[in-house]
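Coordinates in review
Spelled out, the chains give:
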Amino acid sequence: MFQRLQQKWKVSGLQVVLILCTFAIGGSLTGFAGRRMMNFVSIDQDWIWIIVYILIITLLWPVAVLFVSVFFGQYRFFIGYLGKIGKRMGLAKKMGKVQIATSNTPVELTNPLSSHLPAATRTPLTRVAIFASGAGSNAQKIIDHFRQSLHIKISLIVCNKAGAGVLSIASKENIPAILIDKEKFFRGNSYTDELKENSIDFIILAGFLWKIPAALIKAYPGKIINIHPALLPKYGGKGMFGNHVHEAVITAKEKESGITIHYVDEHYDHGDAIFQTTCNVFENDTAESLAQRIHLLEHEHYPRVIEKILSGS
Ligand code: GRF
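Read on for a plain summary of the structure. (Residues numbered from 1 in each chain as written. Predicted model: local features only at pLDDT ≥ 70, side-chain atom pairs only at ≥ 80, totals over all residues. Heavy atoms only, no water.)

1. Considering the sheet that holds strand E5 (residues 224-228)
Stated precisely, the cut-off is as follows: Between any two strands, at least two bridges found by DSSP are needed for them to pair. Each helix corresponds to a stretch of at least 4 residues labelled H or I by DSSP, and each strand to a stretch of at least 2 residues labelled E; elements are numbered beginning at the N terminus. With axes taken as lines fitted to C-alpha atoms, and helix axes fitted only over the stretch in contact, angles between N-to-C directions fall between 0 and 180 degrees. Note on definitions: a residue-residue contact is assigned when non-hydrogen atoms from the two residues lie within 4.5 Å.
Spatial ordering of the open sheet is given by E3-E2-E1-E4-E5-E6-E7, a layout of seven strands whose pairing is mixed. Each edge of the open sheet carries a strand with a single partner, namely strand E3 (177-179) and strand E7 (273-280). Averaged over neighbouring strand pairs, the angle between their axes works out to 20° when direction is ignored. Its contacts with the sheet put helix H5 (residues 137-146) on strand E1 (126-132), strand E2 (152-159) and strand E4 (202-205), and the angle it makes with E2 is roughly 160°. In the packing of helix H6 (residues 165-172) onto the sheet, the strands contacted are E1, E2 and E3, and the crossing angle to E2 comes to about 140°.

2. Looking at the nonpolar core
Keep this limit in mind: Working definition of a nonpolar core: buried Ala, Val, Leu, Ile, Met, Phe, Trp, Tyr and Cys residues. They are joined through side-chain atoms within 4.5 Å. The classification of residues rests on relative accessible area computed with a 1.4 Å probe and restricted to protein chains. Under 20% of the type maximum is buried, over 50% is exposed, and intermediate values are partly exposed.
Within the largest apolar cluster, 38 residues are counted, with the highest numbers of intra-cluster contacts made by Ile130, Ile142, Ile154, Ile157, Ile204, Ile225 and Tyr302. Element by element, the count of residues in this core is highest for helix H11 (residues 287-311), at seven residues. By size, the runner-up hydrophobic cluster in this structure holds 20 residues, among which are Leu156, Tyr191, Leu195 and Ile224.

3. Details of the site of the ligand
Filter applied, for reference: Throughout, near means a residue has at least one heavy atom within 4 Å of the molecule or strand. Identification of polar contacts relies on pairs of N or O atoms within 3.5 Å, with a donor-acceptor requirement for protein atoms, meaning one able to donate a hydrogen and the other able to accept it, and with residues adjacent in sequence counted only if both atoms are side-chain atoms. Residue-level accessible areas treat just the shown protein chains as cover; the underlying method is Shrake-Rupley with a 1.4 Å probe. Each residue gets one of three labels, nonpolar for Ala, Val, Leu, Ile, Met, Phe, Trp, Tyr, Cys and Pro, charged for Asp, Glu, Lys and Arg, and polar for the others, Gly among them.
Taken together, the neighbourhood of the ligand is formed by Ala135, Gly136, Ser137, Asn138, Gly207, Ile227, His228, Pro229, His295 and Glu298. Contacts to the ligand include His295, whose side-chain N or O atom sits 3.1 Å from an oxygen atom. Note that an oxygen atom of the ligand is positioned 2.3 Å from one of the side-chain N or O atoms of Glu298. Here the ligand has 360 Å² of accessible area as a free molecule, and 85% of this is covered by the chains. Breaking the shell around the ligand down by element, the ones donating at least two residues are H5, E5 and H11. Residues of the shell around the ligand, tallied by class, amount to three nonpolar, six polar and one charged.

4. Topic: the pairing of E1
Just so we agree on the cut-off: Here is how to tell: hold the view so the strands point away, follow the path from the first strand over the helix to the second, and if it runs clockwise the crossover is right-handed.
Among the seven residues in E1, seven count as buried, and that is most of the element. Along E1, one buried face is formed by Thr126, Val128, Ile130 and Ala132 and the opposite face, lined by Arg127, Ala129 and Phe131, is buried too. Sheet topology note: the E1/E2 ladder contains seven bridges and is parallel. Paired with Arg127 across the bridge in E2 is Lys153. With H5 bridging E1 and its parallel neighbour E2, the resulting β-α-β unit is right-handed. Pairing between E1 and E4: four bridges, direction parallel. Each bridged residue has a counterpart across the sheet, and for Val128 the counterpart in E4 is Phe202.

5. A short note on helix H10 (residues 243-251)
Residues spaced three or four apart along an α-helix point in a common direction, a consequence of the helix completing one turn every 3.6 residues. Note the threshold: What the arc measures is the spread of directions leading from the helix axis to the C-beta atoms.
For H10, the full list of buried residues reads Val245, His246, Ala248 and Val249. Projected onto a plane normal to the axis of H10, the buried residues spread over an arc of 160° and lie on a single side. Looking at the buried residues of H10, the elements they touch are E5, strand E6 (256-263) and H11. Lys253 sits one or two positions beyond H10 and adopts a positive phi of about 55°.

Right, dumping it as structure tokens:
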């Protein structure tokens, strides 16, 4: 049964346990709170009492499981789960700002947990799109890092290469993905409409090999960042991607390389730098061995730097 649930919900074994605990405790909490509320209602007719009770627990149950899910770290699963139920019941459009989606349509626009709080204390949800062209190891680390975040949500994967590893990651993680077309990206709307439709607030490039068109930069001023596997301004620019970068570093007999996280402007690898860190280049390094070392640096720092930028600290 466990395995069937794992497959059905596309989660790990541990998550199945946590989800079942959430269901159990959320259900008990609903029953408890429902009965307490009924104490305040004086209804003589048994059948009316039962109907009112059912109505109350039906309304209480989603709130209770959502509340409990936060403590079990399953908020994201349950918001999707309840959304699907709501959608089946035809409620999705009537749920105000909370729009839940299947894997290829938009998800919630604001943090639903905070919608009960006074406006001043609400936590805005920053919806992030990751643009990637390749394996997506950075994308995976970023997704992992923000999986439980209530403030930052990786909401969309944008990819320009059919069959790229990052698309499998998107489907495994149940994150909507768009496979983009060159003509539309460079000469059409640059997918700004699709990004806005998905309420994307911020764009992270993680191994995305196309230059970002001016229209997109204009639509997201100061809200697009990139990671480059070298110490910019050296070894950047057109053609400097993947192992070409590391080969150039090794050929130049550099003693150090590293990573640069920077804002994106209309030129390749050019905007203001946000963060740099270095690693050694050894005499016997190959492009592959250096790439591995650089990848470790990227995985360690990119998610953390993104969090810092988005939390404004
Ligand atoms: C990374 O080295 C990144 O710096 C560069 O492209 C590579 C992407 O790797 N821009 P991955 O697809 O995240 O594994």
